[in-house]
Amino acid sequence: MQADTYRHKGMRLKMTELLRNKGISDESVLCAINVVPRHVFLDSSFVEFAYQDTAFPIGSGQTISQPSTVAYQSQLLMVKKDMKILEIGTGSGYQACVLAQMGAKVFTIERQRNLFLKTKALLTEFPYHIKTFLGDGNKGLPTYSPFDRIIITAAAPEIPEILIDQLKPNGIMVLPLNDDNNEQKMLRITKNSDGSLSKEEFGNFRFVPMLKEIGND
Ligand code: SAH
């Protein structure tokens, strides 16, 4: 793994303060962003981009989400220590590390084999509780369910009912749901203790699409 130098730490602190200025107020999220070395998820020649608030290509046609989006979704999830969280779309593994740094036990699914293998190897170098799975996130992880929280990090065409079923009572799912303009609205769904759903809508975002089935594309 690439070293985490004072220079990296300095850039990361600046980025954390930028996110605070952009409205992220959950201190546990800000603290995790300030700890997780985002540059190790990018090729070392792109270190200059690691601590800017931009998405970035990570190979296999995929992107590492923008730090403010990672922070925003993490904040909407209202994470508490020891919670079991299911993530759909492992990608670089950065979002999973942020949640794990917040004290969660993370179960994360990726459908692209190459990305899955690369990220699985990188994540073993962190001390976090993160389990990686190759598969179609639309199906969730019935064996490990129910979850306290579910986060989808690819654009969902509809609310995946199978995943709602894998949520605990009072559990929360955060997902970017496609709208009619090729954009996504961030949605927070709470599964009430009587099984009914409460939905809250937040801003517009752009994510790569949530696809079905495993692939190498
Ligand atoms: N959370 C990631 C960002 C992921 S980008 C990070 O922190 O870097 C979205 C990811 O979702 C891509 O890697 C894409 O391959 C994956 N994906 C798309 N559809 C999927 C599905 N049905 N199941 C699992 N992963 C999926």
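Refer to the structure presented above.
Residues numbered from 1 in each chain as written. Predicted model: local features only at pLDDT ≥ 70, side-chain atom pairs only at ≥ 80, totals over all residues. Heavy atoms only, no water.

*Asks:* Would you take a moment to explain the site of the ligand for this structure?
*Replies:* In the vicinity of the ligand lie 27 residues, with Gly89, Ser92, Glu110, Gly137 and Leu211 positioned nearest. Side-chain polar atom of Glu87 to a nitrogen atom of the ligand: 3.0 Å apart, as the coordinates give it. Within the side chain of Asp136, an N or O atom sits 3.0 Å from a nitrogen atom of the ligand. A total of 580 Å² of accessible area belongs to the ligand in isolation, and the protein chains cover 99% of it. Placement of the ligand is best described as lying within the largest pocket. At the level of elements, strand S2 (62-64), strand S3 (84-88), helix H5 (94-101) and strand S4 (105-110) are the ones that each hand at least two residues to the shell around the ligand. Ranked by residues supplied to the shell around the ligand, first place goes to S2 with three residues. By residue class, the composition of the shell around the ligand is 10 nonpolar, 13 polar and four charged. (Near = heavy atom within 4 Å. Polar contact = N/O pair within 3.5 Å; in protein donor to acceptor, adjacent residues only side chain to side chain. Areas by Shrake-Rupley, 256 points an atom, 1.4 Å probe, with all protein chains shown as cover. 1 Å grid on protein atoms, 1.4 Å probe; cavity = no way out; pocket = protein on both sides within 12 Å on 5 of 7 lines; lining within 4 Å. Sits in = over half its atoms within 2 Å of the grid points. Helix = DSSP H or I, 4+ residues; strand = E, 2+ residues; numbered from the N terminus. Nonpolar A, V, L, I, M, F, W, Y, C, P; charged D, E, K, R; others polar.)

*Asks:* It is not clear to me how the side chain of Arg149 should be interpreted in this structure. Could you clarify?
*Replies:* Counting through the fold element by element, Arg149 comes out in strand S6 (residues 147-152). It is Asp148 that comes nearest to the buried, bridge-free Arg149 among opposite-charge side chains, at 5.6 Å. Residue contacts for Arg149: discarding those within four places in its chain leaves Leu77, Met78, Lys80, Met83, Lys84, Ile85, Leu86, Leu167, Asn170, Gly171 and Ile172. (Buried < 20%, exposed > 50% of the residue type's maximum accessible area, 1.4 Å probe, protein only. Lys, Arg positive; Asp, Glu negative; His and termini not counted. Salt bridge = Lys/Arg side-chain N within 4 Å of Asp/Glu carboxyl O. Contact = heavy atoms within 4.5 Å.)

*Asks:* Looking at this structure, how should I read the sheet that holds strand S8 (residues 184-191)?
*Replies:* Within a beta sheet, neighbouring strands are joined by backbone hydrogen bonds and run either parallel or antiparallel to one another. With respect to topology, seven strands assemble into an open sheet ordered S5-S4-S3-S6-S7-S8-S9, the strand pairing being mixed. The open sheet is flanked by strand S5 (130-134) and strand S9 (197-205), the only strands paired with a single partner. Neighbour-to-neighbour, the strand axes of this sheet turn through a mean angle of 15°, independent of strand direction. Across the sheet, H5 touches S3, S4, S5 and S6, and the angle it forms with S4 is around 170°. Helix H6 (residues 113-123) rests against S4 and S5 of the sheet, and its axis sits at about 165° to S5. (Pairing = 2+ DSSP bridges. Axes fitted to C-alpha atoms, helices over the stretch in contact; angles between N-to-C directions.)

*Asks:* What is the right way to read the pairing of S8 from this model?
*Replies:* Looking along a regular strand, one sees the side chains alternate between the two faces of the sheet. Counting buried residues in S8 gives seven out of eight residues, a clear majority hidden from the surface. Bridge count between strand S7 (residues 167-178) and S8: seven bridges; the pairing is antiparallel. The residue of S8 that forms the bridge with Leu177 is Lys185. Linking S7 to S8, which pair antiparallel, is a turn of five residues; within it Asn182 sits at a positive phi near 65°. Here seven bridges tie S8 to S9, and the two strands are oriented antiparallel to one another.

*Asks:* When you look at the pattern of salt bridges in this model, what are you seeing that I'm missing?
*Replies:* When their charged atoms lie close together, side chains carrying opposite charge are able to pair. Counted according to the given criterion, the structure contains 12 salt bridges. Between Asp4 and Lys9 there is a salt bridge, with the nearest N and O atoms lying 3.7 Å from each other. Given the relative accessible area of 39%, Lys9 is considered partly exposed. Between Arg20 and Glu17 there is a salt bridge whose closest N-O contact spans 3.0 Å. Residue Arg20 and its partner Glu17 are both found in helix H1 (residues 6-21); the two are separated by three residues, about one turn of the helix. Overall, the relative accessible area of 32% leaves Glu17 in the partly exposed class.

*Asks:* Mind showing me how you'd approach the layout of surface pockets here?
*Replies:* Using a probe with the size of a water molecule, rolled over the atoms, empty space left in the structure can be pinpointed. Its boundaries defined by the atoms lining it, the largest pocket holds a volume of some 540 Å³. Contributing to the lining of the largest pocket are 36 residues, with Thr63, Thr153, Ala154, Phe207 and Val208 lying nearest its centre. Sorting the residues of the lining of the largest pocket by element identifies S2, helix H4 (67-77), S3, H5, S4 and S9 as the ones contributing at least two each. The biggest single contributor to the lining of the largest pocket is S2, with three residues. Residues belonging to the lining of the largest pocket are distributed by class as follows: 14 nonpolar, 16 polar and six charged. The computed volume of the second largest pocket comes to approximately 210 Å³. Surrounding the second largest pocket, 14 residues form its lining, Val40, Phe41, Leu42, Ile58 and Lys118 being those nearest its centre. Contributing elements (two or more residues each) for the lining of the second largest pocket: strand S1 (56-59) and H6. Considered class by class, the residues forming the lining of the second largest pocket number nine nonpolar, three polar and two charged. (Points joined across faces, edges and corners; volume = space filled by probe spheres on them.)

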